[in-house]
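# Inside the fold
Residue strings, one per chain:
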Amino acid sequence: MRAPVVTAPQNTAAAIGFALLGVTMISINDVLIKQLSGGYPLHQMIFIRSAIGIIFSLVLVQIEGGFAILRTHTPGLHLMRGALVVVSNLTFFTALAVLPLAEATALFFVAPLMITLLSIPLLGERVGHLRLTAVSVGFAGVVLMMRPWGSETEVSRFILFLPVLAALSYSLNQILTRRLGVTTRASAMAVYIQGIFLVVSLLFYLLAGDGRYAEGVENGSVQFLLRAWVWPEGNDQWLFLGLGLNSAIIGFALAQAYRLADAAVVAPFEYIGLPLAIFWGWVIWGEVPVPVVWAGSALILGSGLLVVIRERFKSRRLPLPLGERRQ
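Residues numbered from 1 in each chain as written. Predicted model: local features only at pLDDT ≥ 70, side-chain atom pairs only at ≥ 80, totals over all residues. Heavy atoms only, no water.

Before going further, it helps to spend a moment on the overall build of the chain. Across its full length, the chain holds 13 helices and zero strands. Of the regular secondary structure in the chain, the N- to C-terminal order runs α-α-α-α-α-α-α-α-α-α-α-α-α. Accessible surface, the chain as shown: approximately 15,300 Å² in total, 69% of it carbon and sulfur. (Helix = DSSP H or I, 4+ residues; strand = E, 2+ residues; numbered from the N terminus. Areas by Shrake-Rupley, 256 points an atom, 1.4 Å probe, with all protein chains shown as cover.)

Below, the structure is given as structure tokens:
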């Protein structure tokens, strides 16, 4: 008989709030990176963002208990979680340099569906038929937005696959977050992530920081990954500062969300990032969504709203002790 998985105490309302905050900051982060992708390499953005973000994260560490909370008995799992986050970021942002924001986000939004399904075998969480139905409806919305019957995009299938790979890495990362959150504070996990980003970006700088591998390359995604470092000028310095602040908020908010509630409960609320991506694409780059995009968004948001109503109904009708899982 398999031993039960120990999880952190439940606080669904707070978890949902942190999830919404984190996803909103992610959408702003995507806008900033896409806006800067034409003049700076990805690894430079990650380095500056993480260098600034780790400062804010260390402030949060002090608020949550001081530097003592940075001690861990599971460094290997934290390293694995950091590697998954790095893969997720690199693959998604490399695609974002070429794809429209809404399209890249739609492809990435298989992630919450993966989290909900992976939480069953990996975390032992119970997902009721209603939530499974809601997830199925949301998945139908994602498929609809991807328009499998034909695409007008001119990028390669490999580029289209990158956000899906990012989604898988992100899903596994959040499953690990739920396990590690039992004994690790959200601010500490954010510091670990920022530290790993700093190390990886410095390695990229040592290998390709002079831009020698980008010479003669025409692919926009490869150029974004390998071009030389350039000192930020003018208003770009403020955009980089915004990236750093966003990074700290994102790391803390999402880690907190998955510490406080079952992954299957939190995941659907990440869908708010999809209409946000559509909004930013329209406001900043003049990308007007076609009717099929609106239809897909309605299905995705509707499934998330159904989960919210179900969770509130269950909490009123069937109060459960802290730590107890609910269908």
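After that view of the structure, there is still more to cover.
Throughout the structure, instances matching the rule amount to eight aromatic pairs. Between Tyr205 and Trp229 the ring centres are 4.6 Å apart and the planes differ by 55°, which places this aromatic pair in the tilted class. With a gap of 24 residues between them, Tyr205 in helix H8 (residues 186–208) and Trp229 in the loop between helix H9 (220–226) and helix H10 (236–260) connect regions that are remote in the sequence. Through a chain of ring-to-ring contacts, three or more aromatic side chains come together here, namely Phe92, Phe93, Phe108 and Tyr170. The ring of Trp285 carries the charged tip of Lys34 above its face, separated from the ring centre by 5.8 Å. (Phe/Tyr/Trp six-rings, centres within 6.5 Å; stacked < 30°, edge-to-face > 60°. Lys NZ or Arg CZ within 6 Å of the ring centre and 35° of its normal.)

For the rest of this paragraph, the subject is the environment of Ile55. Inspection of the secondary structure puts Ile55 in helix H2 (residues 42–64). Taking the C-alpha atoms as reference, Ile55 lies 8.9 Å from Gly244; in sequence the two are 189 residues apart.

A separate point is helix H12 (residues 273–285). Its 13 residues place the ends of H12 17 Å apart at the C-alpha level, agreeing with the 18 Å of an ideal helix rising 1.5 Å per residue. Among the residues trailing H12, Gly286 stands out with phi positive, at a value near 70°. (Expected span 1.5 Å × (residues − 1).)

Summed over the entire model, instances satisfying the criterion amount to one salt bridge. Of the charged contacts, one joins Arg212 and Asp210 as a salt bridge, the two residues approaching to 2.7 Å between their closest N and O atoms. Residue class for Arg212 comes out partly exposed when judged on its relative accessible area of 39%. (Salt bridge = Lys/Arg side-chain N within 4 Å of Asp/Glu carboxyl O. Buried < 20%, exposed > 50% of the residue type's maximum accessible area, 1.4 Å probe, protein only.)

Turning our eyes to something else, we now look at a nonpolar patch on the surface. On the surface, a nonpolar cluster with roughly 490 Å² of combined accessible area is contributed by Phe279, Trp282, Val283, Ile284 and Val288. Tracing the backbone shows Phe279 in helix H12. (Patch = residues over 30% accessible without salt bridge, like charges linked within 9 Å, V, L, I, M, F, W, Y side chains within 5 Å.)

Our focus in this paragraph is the side chain of Asn89. For Asn89, the position within the fold is in helix H3 (residues 75–96). At 2.9 Å, the side chain of Asn89 and the backbone oxygen of Val85 are in polar contact. The residues touching Asn89, leaving out its near neighbours within four places in the chain, are Arg49 and Phe197. (Polar contact = N/O pair within 3.5 Å; in protein donor to acceptor, adjacent residues only side chain to side chain. Contact = heavy atoms within 4.5 Å.)

Packed helices, taken two at a time, are described by their axes: the angle between them and the distance between them. Look at helix H1 (residues 12–36) against H12: their axes get within 9 Å of each other, and the N-to-C directions meet at 35°. For the pair H1 and H12, the crossing hand works out as right-handed. Facing H1, whose interface residues are Val23, Thr24, Ser27, Ile28, Val31, Lys34 and Gln35, H12 presents Gly273, Leu276, Trp280, Ile284 and Trp285. Classifying every residue of the contact of H1 with H12 gives seven nonpolar, four polar and one charged. (Axes fitted to C-alpha atoms, helices over the stretch in contact; angles between N-to-C directions. Left-handed = near helix turned anticlockwise from the far one by under 90°. Nonpolar A, V, L, I, M, F, W, Y, C, P; charged D, E, K, R; others polar.)

Turning our eyes to something else, we now look at the environment of Leu160. Locating Leu160 in the fold gives a position in helix H7 (residues 157–180). Separated by 64 residues in sequence, Leu160 and Leu96 place their C-alpha atoms 9.9 Å apart.

Let us now look at the confidence of the model for the chain. This prediction gives the chain a mean pLDDT of 80; 86% of its residues lie at or above 70. Residue range residues 1–7 is modelled with pLDDT below 50. Its contacts to residues more than four positions away, or to other chains, number 10 contacts. (pLDDT = per-residue confidence, 0-100.)

Within the secondary structure, Gln194 is located in helix H8. Of the residues examined, Gln194 reaches a relative accessible area of 2% and is grouped as buried. Residue contacts for Gln194: discarding those within four places in its chain leaves Ser50, Gly53, Ile54, Ser57, Ser247 and Ala248.

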